[in-house]
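# What the coordinates show
Here's the letter readout for the chains.
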Amino acid sequence: MPDSIFDFAKYLKNTLSFQLEDFQVDILNGGFTNLTARATFRRPVNLPPDFGYPNQIRSLILKMAKPFMHALPSYDVPMSRQNVEAKALRMLHGNELEEIVQGNSLKIPKLVYHDKQNY
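Summarised in this report is the structure supplied together with it. (Residues numbered from 1 in each chain as written. Predicted model: local features only at pLDDT ≥ 70, side-chain atom pairs only at ≥ 80, totals over all residues. Heavy atoms only, no water.)

## What to know about the pattern of salt bridges
Taken as a whole and judged by the stated rule, the model has two salt bridges. Ionic pairing is found between Asp22 and Arg43, a salt bridge with its closest N-O pair at 4.0 Å. Of this pair, Asp22 sits in the loop between helix 1 (8-16) and strand 1 (23-27) while Arg43 sits in strand 2 (residues 35-45); the two residues are 21 residues apart in sequence, bridging distant segments of the chain. Taking the relative accessible area as the measure of exposure, Asp22 reaches 16% and is therefore buried. Glu85 is the salt-bridge partner of Lys63, the closest N and O atoms lying 2.5 Å from each other. Placement of the pair is Lys63 in strand 3 (residues 57-64) and Glu85 in helix 2 (residues 81-92), with a sequence separation of 22 residues. (Salt bridge = Lys/Arg side-chain N within 4 Å of Asp/Glu carboxyl O. Helix = DSSP H or I, 4+ residues; strand = E, 2+ residues; numbered from the N terminus. Buried < 20%, exposed > 50% of the residue type's maximum accessible area, 1.4 Å probe, protein only.)

## Things to note about helix 1
For helix 1, the set of buried residues is Phe8, Leu12 and Leu16. Within helix 1, the buried residues cover an arc of 40° as seen down the axis, which keeps them to one side. Opposite the buried face of helix 1, at more than 90 degrees from it, the exposed residues are Lys10 and Asn14. Residues of helix 1 that are buried in the fold lie against strand 1, strand 2 and strand 3. With its phi angle positive at about 60°, Ser17 sits one or two positions after the end of helix 1. (Arc of directions from axis to C-beta. Contact = heavy atoms within 4.5 Å.)

## What to know about the pairing of strand 2
With five bridges joining them, strand 1 and strand 2 adopt antiparallel strand pairing. Bridge assignment links Val25 to a residue of strand 2, and that residue is Ala39. In this structure, strand 2 lies alongside strand 3, joined through seven bridges in antiparallel fashion. Bridge pairing in strand 3 places Thr40 opposite Ser59. (Pairing = 2+ DSSP bridges.)

## Comments concerning the nonpolar core
With 18 residues, the main nonpolar core has Leu12, Leu16, Phe18, Phe41, Leu47, Ile57 and Leu60 as its most contacted residues. Going through the elements one at a time, helix 1, strand 2 and strand 3 are the ones with two or more residues in this core. With five residues, strand 2 is the largest single contributor of residues to this core. For Leu16, the contacting residues outside a window of four places in its chain are Tyr11, Leu47, Pro48, Phe51 and Leu60. (Core = buried A, V, L, I, M, F, W, Y, C linked by side-chain atoms within 4.5 Å.)

## Some words on the sheet that holds strand 2
Ordered by their spatial adjacency, three strands build an open sheet running 1-2-3, and the pairing between neighbours is antiparallel. Either end of the sheet is taken by a strand with one partner, and the two such strands are strand 1 and strand 3. Neighbour-to-neighbour, the strand axes of this sheet turn through a mean angle of 20°, independent of strand direction. Strands strand 1, strand 2 and strand 3 of the sheet are contacted by helix 1, whose axis makes an angle of about 135° with strand 1. (Axes fitted to C-alpha atoms, helices over the stretch in contact; angles between N-to-C directions.)

Shown next, in the form of structure tokens:
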């Protein structure tokens, strides 16, 4: 059976060395295959240099994948789906598609970090 809730705040603290008082984590509704959350920072922050993301950020969307669907825990799905999604986001960012959606309400998210060890 699935974990009730993944501790995104602890993960961010340990992975990015932010203090817990620097951000708030809210679980988002609608995640079907992954548990999804938004971390909102109290002020714009820089990510670690090895992330290769030069801009300050105000929020991050976080996903936690398990070897089953978040919405249907009895349905097993391969963990490799996260690698496919990460590759797709890298391919789409900076692509012609980004120019097409520019000026519309659509926005292609930029992959900031993919934790291949912990999904």
